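# A structural walkthrough
Residues per chain are reported as follows:
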Amino acid sequence: MNVTHLTTFPVKSGRGVTHDRIAVEHLGLAGDRRWVIVDAENHFLTQRTLPGLATLEADITPDGLTIRVDDGEPFAVARPDGSDRVNAMVWRDVIFAALADNAANERL
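Residues numbered from 1 in each chain as written. Predicted model: local features only at pLDDT ≥ 70, side-chain atom pairs only at ≥ 80, totals over all residues. Heavy atoms only, no water.

### Considering the layout of surface pockets
Selection rule: The method works on a 1 Å grid over the protein atoms by themselves. A cavity is a set of points holding a 1.4 Å probe that cannot get out, a pocket is an open set with protein on both sides within 12 Å along at least five of seven lines, and residues with an atom within 4 Å of a point line them. Grid points are joined across faces, edges and corners, and a volume is the space filled by probe spheres set on the points. Secondary structure is summarised from DSSP: a helix means a run of H or I of at least four residues, a strand means a run of E of at least two, and numbering begins at the N terminus for each. Under the scheme applied here, ten amino acids are nonpolar (Ala, Val, Leu, Ile, Met, Phe, Trp, Tyr, Cys and Pro), four are charged (Asp, Glu, Lys and Arg), and all others, including Gly, are polar.
When its volume is computed, the largest pocket comes out at roughly 950 Å³. Examining the composition of the lining of the largest pocket, we find that four residues originate from one element, strand β9 (residues 93-98), more than from any other. Residues belonging to the lining of the largest pocket are distributed by class as follows: 27 nonpolar, six polar and eight charged.

Printed below as a string of structure tokens:
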């Protein structure tokens, strides 16, 4: 068996990004599923419940992410500083998630 490429998903349930090479970190592939979109009750959203997430493209930048939805205009999401956090549910797990700024939340 040969590995020909690797795919990461910067935002959980968004589109994947294909790589020829990628670093492996203590949490897994670099940048894979480090961001998640949650609803008003802080439960994560998936394509199972929100099929439109299949159109979400995200690129990791030094400052956070650039997101494009439905081939629209890309917008930047700054890396949260971690001062504003919530307990978010991802399946049966609770994660202590840092919130993005209000502008990003409104766009999404």
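### Here's the deal with the sheet that holds strand β6 (residues 64-69)
Note the threshold: Note on pairing: two strands pair once DSSP finds at least 2 bridges between them. Interaxial angle, 0 to 180 degrees, is taken between N-to-C directions of lines fitted to C-alpha atoms, where a helix line uses only the stretch in contact.
The three strands are arranged β5-β6-β7 in an open sheet whose pairing can be described as antiparallel. Each edge of the open sheet carries a strand with a single partner, namely β5 (56-61) and β7 (75-78). Each neighbouring strand pair of the sheet contributes to a mean axis angle of 25°, computed without reference to strand direction. In this structure, β6 lies alongside β7, joined through four bridges in antiparallel fashion. Across the sheet, the residue bridging to Ile67 is Phe75, located in β7.

### What about the nonpolar core?
Just so we agree on the cut-off: For the purposes of this section, nonpolar cores are sets of buried Ala, Val, Leu, Ile, Met, Phe, Trp, Tyr and Cys residues that join through side-chain atoms within 4.5 Å. Burial here depends on accessible area, computed with a 1.4 Å probe over protein chains only, as a share of the maximum for the residue type. Under 20% is buried, over 50% is exposed, and the range in between is partly exposed. A contact between two residues is defined here by any heavy atoms of the two lying within 4.5 Å.
Judged by nonpolar contacts, the single largest core of 13 residues is most densely connected at Val11, Ile37, Leu56, Ala58, Leu65, Ile67 and Val77. Only β5, β6 and β7 provide two or more residues apiece to this core. What Leu65 contacts, discounting residues up to four positions off in sequence, is Pro10, Val11, Trp35, Ala58, Asp59, Ile60, Phe75, Ala76 and Val77.

### Focus on the environment of Asp20
Looking at the secondary structure, you find Asp20 in the loop between β2 (17-19) and β3 (24-25). Considered as a pair, Asp20 and Asn2 are 18 residues apart in the sequence and their alpha carbons are 12 Å apart.

### Examining the side chain of Ser13
Mapped onto the elements of the fold, Ser13 is located in the loop between β1 (6-8) and β2. Filtering out sequence-adjacent residues up to four positions away, Ser13 remains in contact with Leu45, Thr46, Gln47, Leu53 and Ala54.

### Examining the packing of aromatic side chains
Stated formally: Two rings belonging to Phe, Tyr or Trp (six-membered ring only in the last case) form a pair when the distance between their centres is within 6.5 Å. Interplanar angles under 30 degrees mark stacking, angles over 60 mark edge-to-face geometry, and anything in between is tilted.
In this structure the tally under the stated criterion is one aromatic pair. Ring geometry for Phe44 against Trp91: centres 5.0 Å apart, planes inclined by 70°, an arrangement best described as edge-to-face. With Phe44 in the loop between β4 (28-29) and β5 and Trp91 in the loop between β8 (85-90) and β9, this residue pair connects regions lying 47 residues apart in the sequence. Of the residues examined, Phe44 reaches a relative accessible area of 11% and is grouped as buried.

### Description of the pattern of salt bridges
Note the following rule: Throughout this description, the term salt bridge denotes a Lys or Arg side-chain nitrogen within 4 Å of a carboxyl oxygen of Asp or Glu.
Applying the stated criterion across every chain, the model contains three salt bridges. With a shortest N-O distance of 2.7 Å, Glu57 and Arg15 are connected by a salt bridge. With a gap of 42 residues between them, Glu57 in strand β5 and Arg15 in the loop between β1 and β2 connect regions that are remote in the sequence. Classification of Arg15 by relative accessible area gives partly exposed; the value is 36%.

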